[in-house]
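Take a look at the letters that make up each chain.
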Amino acid sequence: MDRASDYGSEGWGFDSLPARNTSSSRLLLYGYAFATMGTVAGWAAIAALAGAVVLLILVFPGFRHGREARAAETSAEQPST
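The rules we used
- Residues numbered from 1 in each chain as written.
- Predicted model: local features only at pLDDT ≥ 70, side-chain atom pairs only at ≥ 80, totals over all residues.
- Heavy atoms only, no water.
- Helix = DSSP H or I, 4+ residues; strand = E, 2+ residues; numbered from the N terminus.
- Buried < 20%, exposed > 50% of the residue type's maximum accessible area, 1.4 Å probe, protein only.
- Patch = residues over 30% accessible without salt bridge, like charges linked within 9 Å, V, L, I, M, F, W, Y side chains within 5 Å.
- Areas by Shrake-Rupley, 256 points an atom, 1.4 Å probe, with all protein chains shown as cover.
- Salt bridge = Lys/Arg side-chain N within 4 Å of Asp/Glu carboxyl O.

Draft legend 1. Highlighting the overall build of the chain. A tally of regular secondary structure across the chain gives 1 helix and 0 strands. The buried share of the chain, reckoned over its 81 residues, is 0%.

Structure follows, in structure tokens:
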């Protein structure tokens, strides 16, 4: 027996890792899917920001209308002498 025993040289392996059973194309598809979801989420955030700006702009005419309506209501309630 001139060679050393090769028992245990294969190491622990990667049997417990889920990446062992996935192919590279599957990993690329996962990456593409997450990139697409990120892009859609980015556009949704921009749309939400635009909507918030529109609502912020519309708040000021709403307050003005409320003030004018209250003034018109109080002047209509006062009896004219």
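Draft legend 2. Quick peek at a nonpolar patch on the surface. Residues Leu27, Tyr30, Phe34 and Met37 make up a contiguous nonpolar surface patch of roughly 450 Å² in combined accessible area. One can find Tyr30 in helix H1 (residues 24–77). Given a relative accessible area of 45%, Tyr30 falls into the partly exposed group.

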